[in-house]
Structure formats: structure tokens, C-alpha cells
Amino acid sequence: METLRALRYSFYLIFHPFDGFWDLKHEKRGNLKAAIIIVFLLCVTFILRRQLTGFIFNTVKLIELNIFLEISSVIVPFLLWCIANWCLTTLMDGEGSFKDIVITSAYALTPIIIINLPLIPFSNVITAEEGAFFYFFNSLAVAWSALLMVIGTSVVHQYSMRKAIFTCILIVVGMGIIIFIALLFFNLIHQMYWFFYSIYKEISLRM
Amino acid sequence: MKPKRCMVLLIAMMILLSSRAAYADAPYNSYTYDYWGTPVPSPAPYLPIRIIDGTSLGVGNFSTPMDIFVSQDNKIYVVDSGNNRIVVLNERFEVQKVIDGFVKDGGRDTFSKPQGVFVNEKGEIYIADTDNARIVHLDAEGNYIREIGPPEGEIIPPDFQYRPTALVEGKGKRLYVISQGVNQGLIEFDKDGVFRGFVGAPKVSFNIIDYFWKLIATQEQRERMQDFVPTEYNSIDIDEDGFMYVTTSTISESDIRNAINSRSQDDRYAPIRKLNPTGEDILRRYGYFPPVGDIVFRSRGYAESGNSQFVDVCVEPYGIYSVLDKRKGRIFTYDSDGNLLYVFGGLGNRMGTFRNPVSIDIINDNYLVLDNITGYITVFEPTEYGKLLKEAITLHQQGKYDESTAKWEEVLKLNANLELAYVGMGKAFLRKDEFDTAMKYFRLGNKRDYYSNAFKLFRKEVVGRNFGLFVMGIVVICVLWWLYLKRKGRKEVRM
């Protein structure tokens, strides 16, 4: 019941972001469980959108659904954002803990869910000429969530708006750096593996 | 059933299922590309039926023949470049005439490595006499009429090398000539043989990434890079309305790849263009992919790599055109909207494959493909599948939708993977106002724009039929909403 109340709070939050995020953190109006549910719902939304969007607007190959890929396409950027956010804001005197960041970021994603879910049936009853509405609402959802992300960052870390925007840009850069390092790391591990494997093979063949 | 009997049945079934008799006699794999860009096997649309060479014709072997042309009265002109002659055949492939020279001003004159020929509706022959840098104009009997030399004018640079390789006669007896190494487009001569200018110059392909690299490159690196030069044409054909189809093989692999990936519809990186007399491109590119030949090909550096390299184009009735790919020896045929109909042919040493194909033309629905290494002309005859496909398209173009639906149905029986056939069926049902059936077929054919049109009409029909229901639904929702608000208001008052 408490989780349900926390989930319902997201409807209030997206229309009153400044108060909303403040209460979210200080009045404990949200919790981690609700945040996880929101991210899960986002995964579900993305999969439904991929499979059920009307034929006119859907240009993906429906038979090639990889559910793990779809889920990770939501979870990985989300976690990257949270980690980069935490890394940067700890250095920049942010007030929020990692848990706060996860909760705030998850709540900020609500518009994507509540706009995209009705858009799925809607896209099945409109023609290509009316597609402008579809694309408008699609981008509206993203823009709204992005705005909430910035406001959330500013409220949870007690930043001024300018600093929050600047931080968000840095976070995106930070996400890129994390990806780069991760790729580098995996590449090196891979090469090391093959190096030792070839040594092993060489020795075992000569013995 | 006894297990033994089961086994026999199973083996019989396996043998039956694995028989591929229908494909056995084609020396190549035929295919089309689906909406996703995957090559999908198709029945062979054309099969080789005979090979013609100079010896069997009794005129001696062809030596690097460069061009084959079918005139309107179904005579075949072969430009036997190495032997400096034009061999004229009738439609039964019998030699009618060998033109190896002509009488000019009382003296005998000959050709020097001619590379192209064009015959107008009166049977007059134009020969691109390449190494002599001139166009020779002969009458139907092969008597000399005139010659047209290099273009002269202010815009021609002094070091201009004139090597005409292909030409057509357009409306108003104007000549459009392709010259090797010229990238300003087609050279246009008026009916008196006076140079009028260049037409149809391809736009300079300009790529922002190339530009960036050029900015940061050193002087030496820059010199080794390709310049931003317009592409040069290598072959030309003209349709009955006077539109010219030209091909080029100088567009880079990465530009072709970009055009494929963006499903480009403009002529920026188009290896085939359809020019109107003022030189504008008007080719319709509404297929799933632009007409660039193969959609899937390996990158440079691998075996059998690279995009298709068009060397010749041949125009067929109803806006259908075929292009010949030198790199893989394949023939790609497109309809007037740019949909790929079929692909056949290949490189090899069997009948129906080529070593270095250079020219293609069509006579009575049979393709003639000229190979300049072997000197063979291969004749391809349509199979039942190929015939049905073309009939379905031409019937649709003529507005005979019922008959075209019947043909498409038969095409689908032979090749259920042909999305074009589903689209064709869909269009026919759309014309007959059967919108939901049309939608079903457009969906199978992955044709979203037509699907949207059909859906729009379908929706209108459904809404019209159930108008009362819709109005009632809206009223009910309004009433419920009003009741809800009222109840909510009362609750708040009580609180």
C-alpha cells in the first residue's frame, strides 16, 4: 500500500517538480521499491512500444525481438546515468546519496511511460498524415523527462539551476567516458586471455 | 503403420522435398531484396538459351566487342571494336551486313576502335568512332551522310580529349554523346552537328566527413585523396518518350552504402539516372532501396567485394529498365517506380555466365548480353515466372487491375517471397475499394505509404458505418465523467 502511494506520488511530481522532488527526498514520499517498479514499467513500455506500435510507424523487424536486449537498453543507460551522476556530484558537493539519485532519476522517467502507453493504441488508429501528433507526443515525453532530470538533479543536490544544467552535461560526458573505459577494459582482458591461452597452447604442444 | 514402412515413406518424402529441379538448369542464383535488405532467393526469371559468336555467324571471331544495339525494326548491331567493324544481324541472328568502312569524298574511310552505336527510327546509323574522335553518320544502307567531330566552343578547354564511346539521338535530331573522361555530363550537338553545350552534369557529390578529413589532412595526404569531382557517365539509352537513362560506375563504395542505408530517393549518389532533355534527373526511386544494384556486398579488401558497377542500361516498355553489373556479371531489372523485379546472371565459364560483360539490349523480350573477353553474345529467354512478373506489371500500368491481380496471384504461387507481388495485389484491391484486403497485402509487402492510404479509407468506412455507435460512446463517456466529477465534488464538500 505504501508502495502504491509512492507510485501515485509520481503523478503529482511530474506536474510540480520543484516541490515534488523536495518532498520526495525530505518527506520520504517515494521509496526505492517504487523507483524499481517505475524502471521496470519503463522496460515493459519499451517492449510494448516496439512490438505493438501501429504498422505505419513501426519500422523494426517484429520477429527479431530480443527481450534481454530491450531490457538492457533501458537498464544500462539508467544505471550509467545514476553512477555518473553519483561520481560527479560527490566531487561537486552534491547533497544526494546514491539512493536519492536512483529514486529521483526513476521518478523523472514517469512521463515517458504515461505518454507512450496511450500512444501505442493511438498509433494504431492514425494514418501517416496524422503522424505529426504521434511524433510530437513522442518527443514531448522525452523532453519532459529530460527537464525533470535536470530539475531533479538540482533539487536533490541543492544546486542552482545553472549548475544543475552544467552538471547534467558533464554527466552525459561522464557516461561516455565510462563506456569508453569499459570497452577498453574488456578489450584488454580479451587480449590478455588470448595471450595466456596461446602461451598455454604453445607449451602444451611442445611438451 | 509398421516402422519399416514409415522409414520408406520418410525417405520418399525427403527425396521429394529436396528435389530442386526448377533451379537445376540455371547457372546462377536469382534473387531479390526484401524490405529489410535481405537477399531472398527467387525462381530464375530468365534462362540462357543460346550463345552466338562471330565464328558461328561466319564473320570471324569478335575481338573486344564493345556494344550491342537493337534497332526499332529488330536488327542487332554489334560493335566489333577490335576488328573496327559493325556487324548487323537480323532477329533470327543471321548476318545481314558487315560495315567495316564507308566511302567519304570519293575515298574509302574506316573506323578506329569504335565503341558505340545508335540507330534511329529511320534506320540511320550513328557510330561513336572513338579513336578517330568523331561520330560517323551513315544511312540505313551504310552510305556516308556526314561526320561530327569534336565539340568546339569557348567552354571546351584547349587540352580536351574527345573519345566518344556512346550516344543517342534525342528529340529534334539532337545528339547526346558520352565521351571518356568527361565529367560535365552529356555532350549535346544540335541537328546540324553544332556543339550546344553539356547537359545532365551529375551534381558534385559533397560529403561533410570527407570535407572534415580534407581540412585536417596535410598537403601530401590531400593530394592522394580523391577530389570532389562529379561522376562521369559510361552508357546511355533512350526511351520512346525521349528520356535518357545514363549509368555511371564512378560513385564511391561508401557513398553507395550511405544511399542504401538512408534509402535515398534523390539523385546525389545515384549510379543510374533518367534525364529529361534539359538534363534534370527524373528517375522515380520509390522502391525499398534506391536502384544501385546489390544492396548487400562485402567491403573492399575481401574476396568478391564491392558495390555493383553498372556498365550498360537497356530500356524496356512501360518504364522498366535493366542494368548490367560488370563486377558480378549480374542483370538488375527495375520497374518504373524503382522496385527491383529480379536479378540474374553471374561471372563464370558456363553458358549464361560472363567473363567481362559490357553491353545489354533486349529483342522480343529476350536479353542479349555481350561479353568482350569471350566475344560471345548470350541470349536469355524469359521463364514462365519472368513472363508473369512483367505481364502483371504492364497490366497494372495499362489500368487492367483485375487481370493484373490474377497475374500477381500466379506470381505468388511461384514465389511467395516477392513483396512486390503483395504490393501489386494490394494496389489492385485498393482500386476495387476492398480496403481491409488491400491493407493485409500492403502489410505483407511492407509498403507503409500505401498501407496508410488504404487504412485512411478503411477507417472512414468503419466510422461511417458505425456512426451512431461512436456518437453514443462519446455521450456515455461524457455522462460518466460528469457523474464522477459530481461525486468527487460532494466528497470534497463532506470532507
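Residues numbered from 1 in each chain as written. Chains lettered and ligands numbered in written order. Predicted model: local features only at pLDDT ≥ 70, side-chain atom pairs only at ≥ 80, totals over all residues. Heavy atoms only, no water.

Some words on the overall build of chain B
Thought 1: Within chain B, the regular secondary structure consists of 12 helices and 27 strands.
Thought 2: Seen through its C-alpha atoms, chain B measures out along the principal axes to roughly 115 × 75 × 50 Å.
Thought 3: Of all 495 residues assigned to chain B, the portion counted as buried reaches 50%.
Thought 4: Put simply, 49% of the contacts in chain B that link residues at least 6 apart link residues at least 24 apart.
Thought 5: For chain B, the centre of its 62 positive side-chain charges and the centre of its 64 negative side-chain charges are spaced 12 Å apart. (Helix = DSSP H or I, 4+ residues; strand = E, 2+ residues; numbered from the N terminus. Buried < 20%, exposed > 50% of the residue type's maximum accessible area, 1.4 Å probe, protein only. Contact = heavy atoms within 4.5 Å. Lys, Arg positive; Asp, Glu negative; His and termini not counted. Charge placed at Lys NZ, Arg CZ, Asp CG, Glu CD.)

A short note on the nonpolar core
Thought 1: Counting residues in each nonpolar core, the largest one holds 115 residues, and the members touching the most others are Y107 of chain A together with Y367 and W408 of chain B.
Thought 2: Membership of the second largest hydrophobic core comes to 40 residues, among which are I127, A128, L138 and L186 of chain B. (Core = buried A, V, L, I, M, F, W, Y, C linked by side-chain atoms within 4.5 Å.)

Describing a nonpolar patch on the surface
Residue and element names in this part refer to chain B.
Thought 1: A cluster of nonpolar residues, V463, F467, F470, V471, M472, V475, V476, V479, L480, W482 and L483, forms a patch on the protein surface that exposes about 1,000 Å² of accessible area.
Thought 2: Here the nonpolar patch takes 10 residues from helix α12 (residues 467-494), the largest share from any one element.
Thought 3: Here L483 is to be found in helix α12.
Thought 4: L483 sits in the partly exposed class, given a relative accessible area of 43%. (Patch = residues over 30% accessible without salt bridge, like charges linked within 9 Å, V, L, I, M, F, W, Y side chains within 5 Å. Areas by Shrake-Rupley, 256 points an atom, 1.4 Å probe, with all protein chains shown as cover. Salt bridge = Lys/Arg side-chain N within 4 Å of Asp/Glu carboxyl O.)

A few points about the packing of helix α4 (residues 67-91) of chain A against helix α5 (residues 98-108) of chain A
Residue and element names in this part refer to chain A.
Thought 1: Packing of α4 against α5 brings their axes to within 10 Å, and their N-to-C directions diverge by 135°. As summarised for this structure, α4 and α5 are arranged oblique, according to the angle between their axes. α4 and α5 meet at a crossing whose hand is right-handed. The residues of α5 that touch α4, namely those facing F78, W81, C82, I83, N85, W86 and T89, are F98, I101, V102, S105 and A106. (Axes fitted to C-alpha atoms, helices over the stretch in contact; angles between N-to-C directions. Parallel < 35°, antiparallel > 145°, perpendicular 65-115°, else oblique. Left-handed = near helix turned anticlockwise from the far one by under 90°.)

Some remarks on unusual backbone geometry
Thought 1: The phi torsion at D93 of chain A lies on the positive side, around 55°, for a residue other than glycine.
Thought 2: Within the secondary structure, D93 of chain A is located in the loop between α4 and α5.
Thought 3: The exposure class of D93 of chain A is exposed, given its relative accessible area of 62%.
Thought 4: The phi torsion at T64 of chain B lies on the positive side, around 35°, for a residue other than glycine.

Considering the interface of chain B and chain A
Thought 1: On the side of chain A, 13 residues touch chain B, which itself brings 14 residues to the contact.
Thought 2: Between chain B and chain A, the buried area comes to about 1,200 Å², and carbon and sulfur atoms account for 59% of it.
Thought 3: Our enumeration of links across chain B and chain A arrives at two salt bridges.
Thought 4: Across the pair K456 of chain B and E129 of chain A runs a salt bridge whose closest N-O atoms are separated by 2.6 Å.
Thought 5: Scanning the region where chain B abuts chain A turns up six residue pairs in polar contact (both at pLDDT 80 or more). (Buried area = accessible area lost by both parts, 1.4 Å probe. Polar contact = N/O pair within 3.5 Å; in protein donor to acceptor, adjacent residues only side chain to side chain.)

Concerning the sheet that holds strand β12 (residues 134-138) of chain B
Paired through backbone hydrogen bonds, the strands of a sheet run either parallel or antiparallel to each other.
Residue and element names in this part refer to chain B.
Thought 1: Taken in spatial order, the four strands line up as β10-β11-β12-β13 in an open sheet, and their pairing is antiparallel. Of all strands in the sheet, those with a lone pairing partner are β10 (116-119) and β13 (144-148), marking the two edges. On average, adjacent strands in this sheet sit at an angle of 20° to one another, irrespective of strand direction.
Thought 2: By the bridge criterion, four bridges tie β10 to strand β11 (residues 125-129) in an arrangement that is antiparallel. When the sheet's bridge partners are listed, V119 is paired in β11 with I125. (Pairing = 2+ DSSP bridges.)

Examining the packing of helix α1 (residues 2-15) of chain A against helix α6 (residues 110-123) of chain A
Residue and element names in this part refer to chain A.
Thought 1: Running from amino to carboxyl end, α1 crosses α6 at an angle of 100°, the nearest separation of the two axes being 10 Å. If you check the angle between α1 and α6, you find them roughly perpendicular. Residues S10, F11 and I14 of α1 pack against T110, P111 and I114 of α6.

A look at the domain arrangement of chain B
All names here are of chain B.
Thought 1: Under the domain assignment used here, chain B contains domain 1 (30-203 + 230-381) and domain 2 (402-465).
Thought 2: Each of domain 1 and domain 2 has a C-alpha centre, and the two are 36 Å apart.
Thought 3: By the criterion of area lost to domain 2, the three top residues of domain 1 are Y35, P43 and Y288, representing 43% of everything that side buries.
Thought 4: Applying the counting rule to domain 1 against domain 2 returns zero salt bridges.
Thought 5: Scanning the region where domain 1 abuts domain 2 turns up four residue pairs in polar contact (both at pLDDT 80 or more).
Thought 6: Of all the secondary structure elements, the ones that give two or more residues to the side of domain 1 that touches domain 2 are β2 (39-41) and β24 (340-344).
Thought 7: Residues that form the side of domain 1 that touches domain 2 fall into these classes: nine nonpolar, three polar and three charged. (Domains from an automatic or database assignment. Nonpolar A, V, L, I, M, F, W, Y, C, P; charged D, E, K, R; others polar.)

With respect to the pattern of salt bridges
Thought 1: The full count for this structure, using the stated rule, is 27 salt bridges over all chains.
Thought 2: Between R459 of chain B and E130 of chain A there is a salt bridge; the shortest N-O distance is 2.8 Å. Within this pair, whereas R459 of chain B is found in helix α11 (residues 448-465), its partner E130 of chain A is found in the loop between α6 and α7 (131-156), the two belonging to separate chains.
Thought 3: A salt bridge links R206 of chain A to E202 of chain A; its shortest N-O distance comes to 2.9 Å. Of this pair, R206 of chain A and E202 of chain A both sit in helix α8 (residues 161-206), four residues apart, which is roughly one turn of the helix.
Thought 4: By relative accessible area, R206 of chain A is classed as exposed at 66%.

Re the pairing of strand β21 (residues 310-315) of chain B
All names here are of chain B.
Thought 1: Extensive coverage of β21 is indicated by the burial of six of its six residues.
Thought 2: Here β21 runs beside strand β22 (residues 321-325); their pairing, made up of five bridges, is antiparallel. Each bridged residue has a counterpart across the sheet, and for V313 the counterpart in β22 is V323.
Thought 3: Connecting β21 to the next strand, β22, in antiparallel fashion are five residues, including Y318 with a positive phi near 60°.

Description of the sheet that holds strand β25 (residues 357-363) of chain B
Residues and elements named next belong to chain B.
Thought 1: Pairing is antiparallel in the open sheet, where four strands are placed in the order β3-β27-β26-β25. Because the sheet does not close on itself, it has two edges, and the strands there are β3 (46-52) and β25. Averaged over all pairs of adjacent strands, the angle between strand axes in this sheet comes to 25°, irrespective of strand direction.
Thought 2: Where β3 meets strand β27 (residues 377-382), six bridges bridge the pair, whose relative direction is antiparallel. Paired with L47 across the strands is E381, a residue of β27.

Regarding the pairing of β27 of chain B
Residues and elements named next belong to chain B.
Thought 1: Across the six residues that make up β27, a large majority, five, are buried.
Thought 2: Across four bridges, strand β26 (residues 366-371) lies against β27 in antiparallel orientation. Residue L368 lies in a different strand from β27, and its bridge partner there is V379.

Here's the deal with the packing of aromatic side chains
Thought 1: Overall, the coordinates contain 40 aromatic pairs over all chains when judged by the stated rule.
Thought 2: Ring-pair connections join several aromatic residues into one group, and the members of that group are Y28, Y46, Y342, F344, F354, Y367 and F380 of chain B.
Thought 3: Here the guanidinium or amino end of R49 of chain A rests over the ring plane of F46 of chain A, the centre of that ring lying 4.8 Å away.
Thought 4: Over the aromatic face of Y35 of chain B sits the side chain of R263 of chain B, whose NZ or CZ is 4.4 Å from the ring centroid. (Phe/Tyr/Trp six-rings, centres within 6.5 Å; stacked < 30°, edge-to-face > 60°. Lys NZ or Arg CZ within 6 Å of the ring centre and 35° of its normal.)

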